[in-house]
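Coordinate analysis (summary)
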Amino acid sequence: MNRSKILVVEDDPDIAQLLAITIKKAGFEVNVSENGNEAVGLIRRHPPDLVILDLMLPGMDGFEICREIKREPRTAEVPVLILTARGEEIDRIIGLELGADDYVVKPFSPRELLLRVRAILRRSNQEYHPRSVFNKSGMQIDFEAHRLDIEGREIILTATEFKLLSELINNQGKVLNREQLLDRVWGYHFEGYARTVDTHIRRLRQKLLSCADWIETVRGVGYRFRN
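Analysis parameters
- Residues numbered from 1 in each chain as written.
- Predicted model: local features only at pLDDT ≥ 70, side-chain atom pairs only at ≥ 80, totals over all residues.
- Heavy atoms only, no water.
- Helix = DSSP H or I, 4+ residues; strand = E, 2+ residues; numbered from the N terminus.
- Rg over C-alpha atoms; globule rule 2.2 N^0.38 Å.
- Buried < 20%, exposed > 50% of the residue type's maximum accessible area, 1.4 Å probe, protein only.
- Areas by Shrake-Rupley, 256 points an atom, 1.4 Å probe, with all protein chains shown as cover.
- Axes fitted to C-alpha atoms, helices over the stretch in contact; angles between N-to-C directions.
- Parallel < 35°, antiparallel > 145°, perpendicular 65-115°, else oblique.
- Contact = heavy atoms within 4.5 Å.
- Nonpolar A, V, L, I, M, F, W, Y, C, P; charged D, E, K, R; others polar.
- Pairing = 2+ DSSP bridges.
- Salt bridge = Lys/Arg side-chain N within 4 Å of Asp/Glu carboxyl O.
- Polar contact = N/O pair within 3.5 Å; in protein donor to acceptor, adjacent residues only side chain to side chain.

1. Some points on the overall build of the protein
Along its length, the protein carries eight helices and 12 strands. The C-alpha atoms of the protein give 17 Å as radius of gyration, which agrees with the globular expectation for 227 residues (17 Å, within 12%). C-alpha atoms of the protein, sized along the principal axes, occupy 50 × 35 × 35 Å. Buried residues in the protein amount to 52% of all 227 residues. Split by element, the accessible area of the protein, about 10900 Å² in all, is 46% carbon and sulfur.

2. With respect to the packing of helix α7 (residues 178-186) against helix α8 (residues 194-208)
Interhelical geometry of α7 versus α8 gives an angle of 80 degrees and a closest axis separation of 9 Å. Between α7 and α8, the angle falls in the class roughly perpendicular. The segment α7 lies against α8, with R178, L181, L182 and W186 engaging A194, T196, V197, D198 and H200. Considered class by class, the residues forming the contact of α7 with α8 number five nonpolar, two polar and two charged.

3. Let's talk about the sheet that holds strand β12 (residues 222-225)
A sheet is described by the order of its strands in space; here three strands give the open sequence β10-β12-β11, paired in antiparallel fashion. The sheet is open, and its two edges are formed by β10 (176-177) and β11 (215-218), each paired on a single side. Judged from the four bridges that link them, β11 and β12 form a sheet pairing that is antiparallel. Of the residues in β12, the one forming a bridge with I215 is F225.

4. Notes on the pattern of salt bridges
On inspection of all chains with the given rule, the structure shows 17 salt bridges. With a shortest N-O distance of 3.0 Å, K106 and D54 are connected by a salt bridge. One end of the pair, K106, is in strand β5 (residues 102-106); the other, D54, is in strand β3 (residues 50-54), with 52 residues separating them in the sequence. Considered together, K106 and D54 belong to a single accessibility category, that of buried residues. Across the salt bridge formed by E68 and R71, the nearest N and O atoms sit 2.5 Å from each other. One end of the pair is E68 and the other is R71, both in helix α3 (residues 62-71) and three residues apart, which spans about a single turn. Linked through salt bridges whose partners overlap, the residues forming this network are R44, E68, R71 and E72.

5. Side note on α3
Here α3 lies mainly inside the structure; seven of its 10 residues are buried. For α3, the set of buried residues is G62, F63, I65, C66, E68, I69 and K70. Its buried side turned inward, α3 meets β1 (5-9), α2 (36-45), β3, β4 (80-85) and α4 (89-97). One side-chain oxygen of the residue at the start of α3 lies 3.1 Å from the amide nitrogen of F63, identifying that residue as D61.

6. A closer look at unusual backbone geometry
A cis amide bond links K106 to the next residue, P107, at an omega of -5 degrees. Within the secondary structure, P107 is located in the loop between β5 and α5 (110-125). With a phi close to 40 degrees, S137 is a non-glycine residue in the positive phi region. Topologically, S137 is positioned in the loop between β6 (133-136) and β7 (139-142). Exposure remark for S137: the relative accessible area of 66% places this residue in the exposed category. A positive phi is found at H146, a non-glycine position, where the angle reads about 55 degrees. When you line up the elements, H146 lands in the loop between β7 and β8 (147-150). Assessed through its relative accessible area of 22%, H146 is described here as partly exposed.

Right, here's the structure in full:
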């Protein structure tokens, strides 16, 4: 059985070592890069199964790296887990807007980190086909092929975005609150992480173009994919 390959991009040697040890003990393969430019080169040559990405890096910061990864078709679906300092909400929001799948704040719990890593990898490897194909006025989703087309144009989604859209569609007409979406899509629910759902919904709507308003906000409750 192939082990998932994880790239850690972190310039603090102590944190990088802690991450590497934690990830290896969990049974994953791990490489470490301490420089942004080097990391982008590694990702382009050998796309990993997951990137754990610090934001403050020499050469190229984490935001730029995330932008580069999501810009190129070959690496656009590589999941990204951002590491950021506690309390810097704007960093977390910007990272999620750029296409990161999740974030962990520093100082972090190795146990929580592994929970996030496993949840992201599970989403990436999961097959979504409670329905095989979904069609609605210009939108077509092939769940088995993990493909979304809007008016004949293929739209690239991250694994998390695809899972989020799938969950809404397969509960079409029902309101799902943020806690339900965190449990079903991210695989966990921690107090204070509901903002993650809002940011992903906003990014998903941007990608849905003319179909954006099919995801409705039910104020004070959650979100619904309308009939």
